[in-house]
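# Summary of structural features
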Amino acid sequence: MLKKIIVFLCITMTVGAFAQQNDITYTIGEKYNDKYKYSNLLAIADDGNGGTVIVRSYYTGIVLKPKGYFVEHYNQNLELLSEFNYKLKNANFVNAYVKNGQVYLLFLEYNYNKQAYEYQVHRSPYTDYHFTKETILSIESEPVTQPLDRNYYNRNFSSGFTTSVLFNDKKSAFAITTHFKKRKENKHFIYVFDASLNKLVEHDFSEEVEEKNYAFETVTFSEDLSNVYLVGKAYFKKKRFNATERKFQYEMVRVSASGRSVQSFYTPGKFPEALKPIFRENELLCLGFYADRKDNRYNGIAYFKLDPNTLSIESQKFNPFSQQFMMDKFGREEDKTIKNLIFKSMDISATGEILFNAEEYFTSTSTQANTSGGRVMVTRYHHNDIVSAKLQANGDLIWARNINKTEVTQGDDAYTSYSAYTKGGTTYFFISTASENPQQLSAERIMFKQGLSRNRNIFLIKLDGSGKMSYEKVIDDGDARLPLMVSRPYIDKFKDELMFYAKRGSKKQLVRVTVN
C-alpha cells in the first residue's frame, strides 16, 4: 500500500527558535516479518499491562480486495506475543476498538430474511482468540444504495434510510443514529451503547425531524455516560432563505434515558463551523470556528459555554484570527481564505485554559489509466495546514498559530497528517518527512520538502505556552528504517508516551516515544 502513496509535503511556518532540544526519548522495537503487504490500521490500544494491541484490515489478490482482519499483541518491551488472522470477506466494516481485554469489530449488514439493517459486532479476547458474533441493533428497511453515512458533512436524506455512528475520543461509548423515511412515515432514533455493548439509551427523535434533517458530526458523553451530546448540522426543510442565510444551522442535542434538550447556535452575522463539544470538569463547552459569511471560509474561533442539562448558552465568544495568524498562513498574499478545518485534538490545562488543534482536510477525485488500459476513478486525500489555538478559561483568545503544510496521498493516509501531544502547556507536533533539513526562506520562515528517500525522518514542531515555535529532528531515518503511521498513535497521557506502528511491505515494528 505504501508504494501507492504519492505525497508532497511542505511545511512553511514562523519559527521562534531553531536550536536542537532533546524533548523526547524513543525506543524502537524489533523488526518482524508480516504476511500481508497491503493493509490499513484500524485500531491501536493499550492491553492494560503495558503492552499494545494492533488491529488491521488486509487486502490480497491481483485486484486488491479486503479479505479479513489481522490482530497483533505486543508486550511492554515491544516484542510480538501473538497474532491472529480473522478471515472475513465481503463485510461492511464500520469501526474497531480494543476494550475490556477484547477486540471489537463493528459492521453494518443487511438481513434479507428479516428485511432489516443490522449492526453486528464480532469480538474476541486477544489472549485466547475466538471471535463470536452478535447483533446489537436491527432496523427494518428496504435496502438502499449507501445506508452508512461516512461523510457527516454532506448527508443524503433522500435515499429512504441513512445511519451513522459516532464514538467519543476514549472509545468508551458510541451513538448510532438512524433516519428512516417512507411516504408519510418519518422516523429518527438515537441509540447509545457503552464499550461493553450495553444499550444505555434508546430515544425517539422523530418529532424534531418534522422540520429539520440532522447530520451529526461530533459527540461527547457525561462522565457516567448517562447523557450523550451530539453536535452537527440541522437542515431546514421548508424555511425560505434570503441571500445572506444558510439552509442549515449548527445544533447540539442532549439525549438521556429521561428525555432530550436541543440548542441552536445562531448569532446574526456569525456562522459557526466544525463545532466540537468537550467537558471541562462539570462545565460543558463547545468550540470551533466561525465565518462572517454563509460560505465555508473561516474568520475566527467560536467558544460557547452551555448548561449541561438545559443546553442554554451561558456565554459565547467570537475571536477573529489575528494579523499574525494570517501572516503565518499566507505571508503577504491578499484575499486568501481559510476553509475545511477538521479537529484533531483538544486539551484542558490545570488552570482551565483550552488548547486545540485542527487541520485543513479535503478529498479530490480524478480518473487515470490502469494497467489494462482502462480508466479508473482515484480518490486523493489532502492534509494541509495545521491550526493551533489557545484560549483563556473564559473563552478569550490568547493566540492562534498556523503551520503551513501540504500533503496528498491516494493510498493509506495513516502515514500523512500529524499527531499532537500537549504537556505542561506546550504542544508537540509529530510529522513524517524524507527531508533531512528544512529550507530556510527568510529569517523566521522555513520549509520542509518531501525529498526522494523511501525512509522517513520524524520531526518535532513545538509550540510553547506563549505560541512561540521551534523544531527539531527527533528520529533519524537511519534509526527507524520503516515509516511510522504518524497520524494514528496510541497516546498514554499517564506515562506521556505515544506508541507508533511502523510498516512497509512485509516488515513491521513498534516505536515508543516519551515526551520528557
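Relevant structure appears above.
As a starting point, this report considers the structure included with it.

## Observations regarding the overall build of the chain
A count of helices and strands for the chain gives one helix and 36 strands. Scored against the burial criterion, the 516 residues of the chain give a buried share of 56%. Looking at the chain alone, contacts between residues at least 24 apart form 52% of all its contacts between residues at least 6 apart. For the chain, the accessible area works out to roughly 23,400 Å², and carbon and sulfur atoms hold 46% of it.

## A look at the nonpolar core
Leu106, Tyr119, Ile136, Val165, Phe174 and Ile176 are the most contacted members of the largest nonpolar core, which has 24 residues in total. Of all the secondary-structure elements, those providing two or more residues to this core are β8 (93–99), β9 (102–111), β10 (116–125), β11 (132–140), β12 (161–167), β13 (173–182) and β14 (185–194). No other element matches β9, which puts four residues into this core. Counting 22 residues, the second-largest nonpolar core is a separate cluster that includes Ile278, Ile354, Phe356 and Ala358.

## Observations concerning the sheet that holds strand β6 (residues 65–74)
The strand order across the open sheet built from four strands is β4-β5-β6-β7, with neighbouring strands paired in antiparallel fashion. The open sheet is flanked by β4 (38–46) and β7 (80–87), the only strands paired with a single partner. Strand after strand, the sheet turns through a mean of 20° between neighbouring axes, direction not considered. Of the strand pairs in this sheet, β4 and strand β5 (residues 52–60) are connected by eight bridges, and their pairing is antiparallel. The residue of β5 that forms the bridge with Ser39 is Tyr58.

## As for unusual backbone geometry
Not every positive phi belongs to a glycine, and Glu281 is a case in point at roughly 55°. Along the chain, the position of Glu281 falls in the loop between β20 (271–280) and β21 (283–291). Judged by relative accessible area, Glu281 falls into the exposed class, the value being 76%. The phi dihedral of Asn340 is positive, around 60°, even though this residue is not glycine. Topologically, Asn340 is positioned in the loop between α1 (323–330) and β24 (341–348).

## Comments concerning the sheet that holds strand β22 (residues 300–306)
As summarised here, the arrangement of the four strands in space is β20-β21-β22-β23, forming an open sheet in which the pairing is antiparallel. The outermost strands of the open sheet, each flanked by one partner alone, are β20 and β23 (313–320). Mean inter-strand twist for the sheet, computed between neighbouring axes without regard to direction, equals 20°. As paired strands, β21 and β22 are joined by seven bridges and run antiparallel to one another. By the bridge assignment, Leu285 is partnered in β22 with Lys305.

## A word on the environment of Ala257
Among the secondary structure elements, Ala257 is positioned in the loop between β18 (248–256) and β19 (259–264). On the basis of relative accessibility, which here comes to 73%, the residue Ala257 falls in the exposed class. Ala257 sits 54 residues away from His203 along the chain, and the two C-alpha atoms are 7.3 Å apart. The residues contacting Ala257, other than those within four sequence positions of it, are Val201 and Ser226.

Parameters and conventions
Residues numbered from 1 in each chain as written. Predicted model: local features only at pLDDT ≥ 70, side-chain atom pairs only at ≥ 80, totals over all residues. Heavy atoms only, no water. Helix = DSSP H or I, 4+ residues; strand = E, 2+ residues; numbered from the N terminus. Buried < 20%, exposed > 50% of the residue type's maximum accessible area, 1.4 Å probe, protein only. Contact = heavy atoms within 4.5 Å. Areas by Shrake-Rupley, 256 points an atom, 1.4 Å probe, with all protein chains shown as cover. Core = buried A, V, L, I, M, F, W, Y, C linked by side-chain atoms within 4.5 Å. Pairing = 2+ DSSP bridges. Axes fitted to C-alpha atoms, helices over the stretch in contact; angles between N-to-C directions.

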